[in-house]
Amino acid sequence: GLSAKVFRTYNASITLCQELHKTDQMVTADQRRRETDVVALCNYYTLANKQVAILCNHQKAASANHGDQMAKMDDQICKVKAELKQAKEAKLPKADALQKKLDKLEAARRTKDETKCVSLGTSKINYNDPRITIAWCKTHDVPIQKQFPKTLLAKFAWAMSVEPEFLF
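Residues numbered from 1 in each chain as written. Predicted model: local features only at pLDDT ≥ 70, side-chain atom pairs only at ≥ 80, totals over all residues. Heavy atoms only, no water.

**So, a nonpolar patch on the surface**
Together, L2, V6 and F7 make up an exposed nonpolar region whose accessible area comes to about 310 Å². Summarising the element assignment, V6 is placed in helix α1 (residues 4–33). (Patch = residues over 30% accessible without salt bridge, like charges linked within 9 Å, V, L, I, M, F, W, Y side chains within 5 Å. Areas by Shrake-Rupley, 256 points an atom, 1.4 Å probe, with all protein chains shown as cover. Salt bridge = Lys/Arg side-chain N within 4 Å of Asp/Glu carboxyl O. Helix = DSSP H or I, 4+ residues; strand = E, 2+ residues; numbered from the N terminus.)

**Concerning the environment of A71**
For A71, the location among the structural elements is in helix α3 (residues 66–89). Residues A71 and R109, spaced 38 residues apart in sequence, show a C-alpha to C-alpha distance of 9.9 Å.

**A closer look at the environment of K101**
With respect to the helices, strands and loops of the structure, K101 is situated in helix α4 (residues 95–114). Using a relative accessible area of 44% as the deciding quantity, one classes K101 as partly exposed. Taking C-alpha positions, K101 is 46 Å from S3, a pair spaced 98 residues apart along the chain. (Buried < 20%, exposed > 50% of the residue type's maximum accessible area, 1.4 Å probe, protein only.)

**With respect to the pattern of salt bridges**
Opposite charge on two side chains lets them pair, provided their charged atoms get close. For the coordinates displayed, the defined rule picks out six salt bridges. When the shortest N-O distance is used, the salt bridge between K116 and D113 registers 3.7 Å. Classification of D113 by relative accessible area gives partly exposed; the value is 29%. With a shortest N-O distance of 2.5 Å, D129 and R131 are connected by a salt bridge. According to the relative accessible area criterion, D129 is buried, its value standing at 9%. Judged by its relative accessible area of 28%, R131 is partly exposed.

**What about the packing of aromatic side chains?**
The relation between two aromatic rings is expressed through the spacing of the ring centres and the mutual angle of the planes. Counted under the stated rule, the structure contains three aromatic pairs. Measuring from centroid to centroid gives 5.9 Å for Y10 and F168, while their planes differ by 45°, and the two rings are tilted. Within this pair, whereas Y10 is found in helix α1, its partner F168 is found in the segment after α7 (150–155), the two being separated by 158 residues in sequence. When the ring centre of Y127 is taken as origin, the NZ or CZ atom of K5, which lies over that ring, is 5.1 Å away. (Phe/Tyr/Trp six-rings, centres within 6.5 Å; stacked < 30°, edge-to-face > 60°. Lys NZ or Arg CZ within 6 Å of the ring centre and 35° of its normal.)

**Focus: the packing of helix α2 (residues 38–55) against α4**
Taken N-terminus to C-terminus, the directions of α2 and α4 make an angle of 15°; their axes are 10 Å apart at the nearest point. Regarding the angle of α2 to α4, the classification is roughly parallel. As α2 runs across α4, the sense of the crossing is left-handed. Contacts between α2 and α4 involve V39, N43, T46, L47 and K50 on the former and, on the latter, K104, A107, A108, T111 and E114. Looking at the contact of α2 with α4 residue by residue, the classes come out as four nonpolar, three polar and three charged. (Axes fitted to C-alpha atoms, helices over the stretch in contact; angles between N-to-C directions. Parallel < 35°, antiparallel > 145°, perpendicular 65-115°, else oblique. Left-handed = near helix turned anticlockwise from the far one by under 90°. Contact = heavy atoms within 4.5 Å. Nonpolar A, V, L, I, M, F, W, Y, C, P; charged D, E, K, R; others polar.)

Spatial relationships are all this shows, so hold off on functional conclusions.
Printed below as a string of structure tokens:
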């Protein structure tokens with residue numbers, strides 16, 4: 001008597017849990033090199049959710065302006081690289097801040113390009129157990145609003161009391 005949605009929900013949720021566990025390992029390794037921030041954590045989450053969307057075959061066409069967006073991001077990256085090079089040559093203390101900015105921009109570009117043909121919202125809204133995301137956000141001190149807009153926060157109010165240790 002179980003529906004196909006029950007199986008898709010189970011598969012999506014178990015996959016999200018496994019992928020987020022992998023990102024936990026990446027975050028731990030990343031923290032050894034430098035402090036991990038919310039932007040990097042959100043990129044990790046997006047890539048985990050991408051695997052769920054691929055599993056569920058949630059596809060979309062790349063946006064018409066995807067190339068323009070990539071070019072704009074490439075320009076930003078080039079500018080920061082030039083600033084970083086100058087800062088290193090002049091041995092300025094802002095070189096570390098510029099390196100962090102460059103890392104963030106490059107990670108955001110990779111994530112945007114890797115998810116251009118995948119619909120991330122469908123799995124997040126309809127198939128992933130929201131307790132997984134909420135527990136992960138609590139564990140990593142990521143504001144829940146970074147993953148769920150206000151409408152989803154209201155829809156998933158029942159899941160907000162989940163403990164950070166929750167596993168699906």
